[in-house]
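# Structure at a glance
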Amino acid sequence: MLRIKNVHKSFGKNEVLKGIDLSIDKGDVVVILGASGSGKTTLLRCINFLEKADQGKASFGEVDLDLHQAGKKEIQSVRKKLGFVFQNYNLFHNKTALENVTLGLTVGRKMPREMAEEIGRKALNKVGLSDRYDYYPQQLSGGQQQRVGIARAVALNPDIILFDEPTSALDPELIGEVLGVMKKIAREGTTMLVVTHEMSFAQDVANRVIFMDQGVIVEEGSPREIFSNPKEERTKQFLRRILPEYTYTI
């Protein structure tokens, strides 16, 4: 479904991605872990062309392209296959929840308004906001705003949804409601690539976990392999700091 190879990205003299290879198959829930500055978010943004990679190849289904040289039409065709959930919601504050969800359908895909609104209501129902169609972002909690962001991605019916630390801007008591929605759509078969610090989500839902550090993939495997028996010392150091109650096979 998605294959990327040898992705590089620098900001000035700071090389953030140093040759990333990654593959995702239909139905995968892949979680990327790593300390701040390890390149996780930059990788997602390069995949979705929110940042232009300096180098790298990608295959999205039957579409092959150069991540650095892709043209506007190629980028648009790829973005139709991807949903993106941002850290800070990225909602339009002058539009209701339903309008935020349907905008990508009516403007981006030229869908008739009535059809878009039907899809939008179903997406908001899926994330537990059936009573918030006409609410503006300022009338919603942070968790509800992020659920609107997830509904917006779901409404596009993408091949893959990319999540960029979707709970990082939330108060602790609101994190659970967003993770619950993510678990629900994952168990419905949605293909997901998730950057997160939520270890419980990675352990409970992911079928593959990737650990990144300093712009490279240090280690990847099943949640059991990564959390119970990591092979690389850098992975062990990270997990000991994040999950001090755990011990690891040496």
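Residues numbered from 1 in each chain as written. Predicted model: local features only at pLDDT ≥ 70, side-chain atom pairs only at ≥ 80, totals over all residues. Heavy atoms only, no water.

## Overview of the overall build of the protein
When helices and strands are tallied, the protein shows nine helices and ten strands. The C-alpha atoms of the protein give 18 Å as radius of gyration, which agrees with the globular expectation for 250 residues (18 Å, within 12%). Judged by the C-alpha coordinates and their principal axes, the protein covers about 55 × 45 × 35 Å. Residues counted as buried form 50% of the 250 residues belonging to the protein. For the protein, restricting intrachain contacts to residue pairs at least 6 apart in sequence, the fraction spanning at least 24 positions comes to 60%. Split by element, the accessible area of the protein, about 12000 Å² in all, is 46% carbon and sulfur. A distance of 3 Å separates the average location of the 35 positive side-chain charges in the protein from that of its 32 negative side-chain charges. (Helix = DSSP H or I, 4+ residues; strand = E, 2+ residues; numbered from the N terminus. Rg over C-alpha atoms; globule rule 2.2 N^0.38 Å. Buried < 20%, exposed > 50% of the residue type's maximum accessible area, 1.4 Å probe, protein only. Contact = heavy atoms within 4.5 Å. Areas by Shrake-Rupley, 256 points an atom, 1.4 Å probe, with all protein chains shown as cover. Lys, Arg positive; Asp, Glu negative; His and termini not counted. Charge placed at Lys NZ, Arg CZ, Asp CG, Glu CD.)

## Focus on the nonpolar core
Burial of nonpolar side chains together is a common tendency in soluble globular proteins. Of all hydrophobic cores here, the largest spans 50 residues; its most connected members are Leu124, Ile150, Phe163, Met182, Met192 and Phe201. Counting residues per element, this core draws most heavily on helix α6 (residues 172-187), at eight residues. Excluding anything up to four places from it in sequence, isoleucine 150 contacts Val85, Val127, Phe163, Val178, Val181, Met182 and Ile185. Among the nonpolar cores identified, the runner-up in size contains 31 residues, and Phe84, Ile160, Leu193 and Val195 belong to it. (Core = buried A, V, L, I, M, F, W, Y, C linked by side-chain atoms within 4.5 Å.)

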